[in-house]
Amino acid sequence: MKQAIGYGILASLFFAVTFILNRSMNAAGDSYLWSAALRYLFMLPFLFLIVYRRRQTTQVYRAIKNEPAAWLLWSSVGFGLFYLPLTFAANYGESWLIAGLWQCTIVAGILLSPLWGVRIPGKNLAIAAFILIGVFVLQMEKAAGENMGQNYLYILAVLVAAVAYPLGNRKMMLLCRDELNTTQRVFGMTLCSMPFWLLTAGAALLQSGLFSWSQAMQSLIVALFSGVVATLLFFKATTMVMHNAKKLAVIEATQAGEVVFSLLGGCLLLGDALPTTLGCIGLLVIVIGMLANSLTTAS
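How each quantity is defined
Residues numbered from 1 in each chain as written. Predicted model: local features only at pLDDT ≥ 70, side-chain atom pairs only at ≥ 80, totals over all residues. Heavy atoms only, no water. Helix = DSSP H or I, 4+ residues; strand = E, 2+ residues; numbered from the N terminus. Rg over C-alpha atoms; globule rule 2.2 N^0.38 Å. Buried < 20%, exposed > 50% of the residue type's maximum accessible area, 1.4 Å probe, protein only. Contact = heavy atoms within 4.5 Å. Patch = residues over 30% accessible without salt bridge, like charges linked within 9 Å, V, L, I, M, F, W, Y side chains within 5 Å. Areas by Shrake-Rupley, 256 points an atom, 1.4 Å probe, with all protein chains shown as cover. Salt bridge = Lys/Arg side-chain N within 4 Å of Asp/Glu carboxyl O. Disulfide = S-S within 2.5 Å. Core = buried A, V, L, I, M, F, W, Y, C linked by side-chain atoms within 4.5 Å. Polar contact = N/O pair within 3.5 Å; in protein donor to acceptor, adjacent residues only side chain to side chain. Axes fitted to C-alpha atoms, helices over the stretch in contact; angles between N-to-C directions. Parallel < 35°, antiparallel > 145°, perpendicular 65-115°, else oblique. Left-handed = near helix turned anticlockwise from the far one by under 90°. Nonpolar A, V, L, I, M, F, W, Y, C, P; charged D, E, K, R; others polar. Phe/Tyr/Trp six-rings, centres within 6.5 Å; stacked < 30°, edge-to-face > 60°. pLDDT = per-residue confidence, 0-100.

Undergrad: Would you mind showing me how to read the overall build of the chain here?
TA: When its secondary structure is counted, the chain shows 14 helices and 0 strands. When the elements of the chain are put in sequence order from the N terminus, they spell out α-α-α-α-α-α-α-α-α-α-α-α-α-α. For 299 residues, the compact-globule estimate of 2.2 N^0.38 gives 19 Å, and the C-alpha radius of gyration of the chain, at 18 Å, lies within 12% of that figure. When the backbone C-alpha atoms are referred to their principal axes, the chain occupies close to 55 × 55 × 30 Å. Counting across all 299 residues of the chain, residues that qualify as buried make up 56%. Taking as baseline every contact in the chain between residues at least 6 positions apart, the subset at least 24 positions apart corresponds to 88%.

Undergrad: Would you explain the side chain of S31 in this entry?
TA: Secondary-structure assignment places S31 in the loop between α1 (2-27) and α2 (32-53). The buried category is assigned to S31, whose relative accessible area is 11%.

Undergrad: For this particular structure, what's the right way to read a nonpolar patch on the surface?
TA: Judged by side-chain polarity, F48, L49, Y52, Y61 and L191 come together as a nonpolar surface patch covering roughly 460 Å² of accessible area. Among the elements that line the nonpolar patch, the one with the most residues is α2, at 3 residues. Following the sequence through the fold, L49 ends up in helix α2. Among the residues examined, L49 registers a relative accessible area of 46% and is labelled partly exposed.

Undergrad: Help me understand the state of the cysteines in this model?
TA: By definition, a disulfide links two cysteine residues through a covalent bond between their sulfur atoms. Enumeration over the complete set of coordinates arrives at 0 disulfides. Unpaired in this structure, C176 has its nearest cysteine sulfur neighbour in C192, at a distance of 9.6 Å. Using a relative accessible area of 3% as the deciding quantity, one classes C176 as buried.

Undergrad: What should I look at first to understand the nonpolar core in this one?
TA: One recurring pattern in soluble globular proteins: nonpolar side chains tend to sit buried together. Membership of the largest hydrophobic core comes to 92 residues, with the highest contact counts inside it found for W71, W102, Y154 and W197. In terms of residues, this core owes the most to one element, helix α8 (residues 148-176), which gives 12 residues.

Undergrad: Teacher, can you tell me more about helix α9 (residues 182-192) here?
TA: Helical geometry: 3.6 residues make up each α-helical turn, so side chains three or four residues apart lie on a common side. Most of α9 sits out of view: 10 of its 11 residues are buried. The set of residues buried in α9 consists of T182, T183, Q184, R185, V186, F187, G188, M189, T190 and C192. The N-terminus of α9 is capped by N181, whose side-chain oxygen sits 3.2 Å from the backbone nitrogen of T183.

Undergrad: Just to check I follow, could you spell out the packing of α2 against α9 for this structure?
TA: In a pair of packed helices, the angle between the axes and the distance between the axes together describe the arrangement. Closest axis-to-axis distance for the α2/α9 pair is 9 Å, and the angle between their directions is 140°. Between α2 and α9, the crossing angle belongs to the class labelled oblique. Where α2 crosses over α9, the handedness of that crossing is left-handed. Touching Y40, M43, L44, L47, F48, I50 and V51 of α2 are T183, Q184, V186, F187, T190 and L191, all from α9. Of the residues assigned to the contact of α2 with α9, the class counts are 10 nonpolar, 3 polar and no charged.

Undergrad: Help me out: how do you make sense of the environment of W96 in this one?
TA: Here W96 shows up in helix α5 (residues 95-102). For W96, a relative accessible area of 5% translates into the label buried. Residues W96 and P68, 28 residues apart in the sequence, show an inter-C-alpha distance of 37 Å. Non-local contacts of W96, meaning those with residues more than four positions away in its chain, are made with L138, V259, S262, L263, C267, D272, A273, L274 and P275.

Undergrad: Just to check I follow, could you spell out the packing of helix α4 (residues 68-89) against helix α10 (residues 194-208) for this structure?
TA: At a minimum axis separation of 8 Å, α4 and α10 run at an interaxial angle of 40°. When the interaxial angle is binned, α4 and α10 end up oblique. Contacts from L72, S76, F79, G80, L81, Y83 and L84 in α4 reach P195, F196, W197 and T200 in α10. For the contact of α4 with α10, the per-class residue count stands at 8 nonpolar, 3 polar and no charged.

Undergrad: What am I meant to see in the packing of aromatic side chains here?
TA: Aromatic rings considered in pairs are described by the distance between their centres and by the relative angle of their planes. A complete count under the given rule lists 17 aromatic pairs for this structure. For the ring pair Y40 and W197, a centre distance of 4.7 Å and an interplane angle of 5° mean the geometry is stacked. Within this pair, whereas Y40 is found in helix α2, its partner W197 is found in helix α10, the two being separated by 157 residues in sequence. Given a relative accessible area of 0%, W197 falls into the buried group. Residues F48 and Y52 carry aromatic rings whose centres are separated by 5.5 Å and whose planes lie at 20° to one another, so their mutual orientation is stacked.

Undergrad: Help me understand the confidence of the model for the chain in this model?
TA: Atomic detail in the predicted coordinates should be set aside for any region of low pLDDT. On average, residues of the chain score 84 in pLDDT, and 92% of them reach the 70 mark or higher. In the model of the chain, helix α12 (residues 245-253) stands out as the element of lowest mean pLDDT, 72, in contrast to α10, which has the highest, 96.

What follows is the structure in structure tokens.
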């Protein structure tokens, strides 16, 4: 279990690159549609090479052929409806602010447990609610801004992403079971989400023309760090505990580390505004909740 938690925390460090560079591309006026599509378009060849070198592509293709509709659906949910709303939200706040709201995925993951006939872990749910308090405190300053409509819009976008990510991940774990390893599953999901990303790229081309060189380079970094490294680490961690709902909730809670890493990276690299005292309290509550959630792991 300690190893799985370590993978989860390390994944949160690499996931933070997403929030920081999405914010950077937004500040440069780049299209969020291209930011989203390029990440997965760049991910695909890297993942293919990894799986191909291990001579594991045939198993992936066979699994997709057996359940094509399910693969297309849940890959589009887990990757498409996760990342597109998240890049959209980068238009409306600092990287640490979006990362803070993203922690709603912890609660979403716990609340989804009954879909698989598993009772919601009570202690984990209580601590997740505590984390949510920190999230809402973090949003109070932003929500008090002048344009309330925009505030509600980006909050809704992140909430959609927060539900789609664990939903798609868990559905695909059940679909693959022990037939595919983590890398194969991520490659298969990336491949099956391509129709979604090609449509997104087409919309981006019609809306804003071709992407810039700078956006391509930053998207490539996101694809490598967040899309390949972080995703493989996180999916590996969840796969290690997939048969224990309480431990799975703990691993999903390690994503709260993204808030801290996004805060440090955004302020140091992008000059993001520091959180106020109220914002710092919210961040502290989130981190305490994350640590407490880890301590509730059943032996």
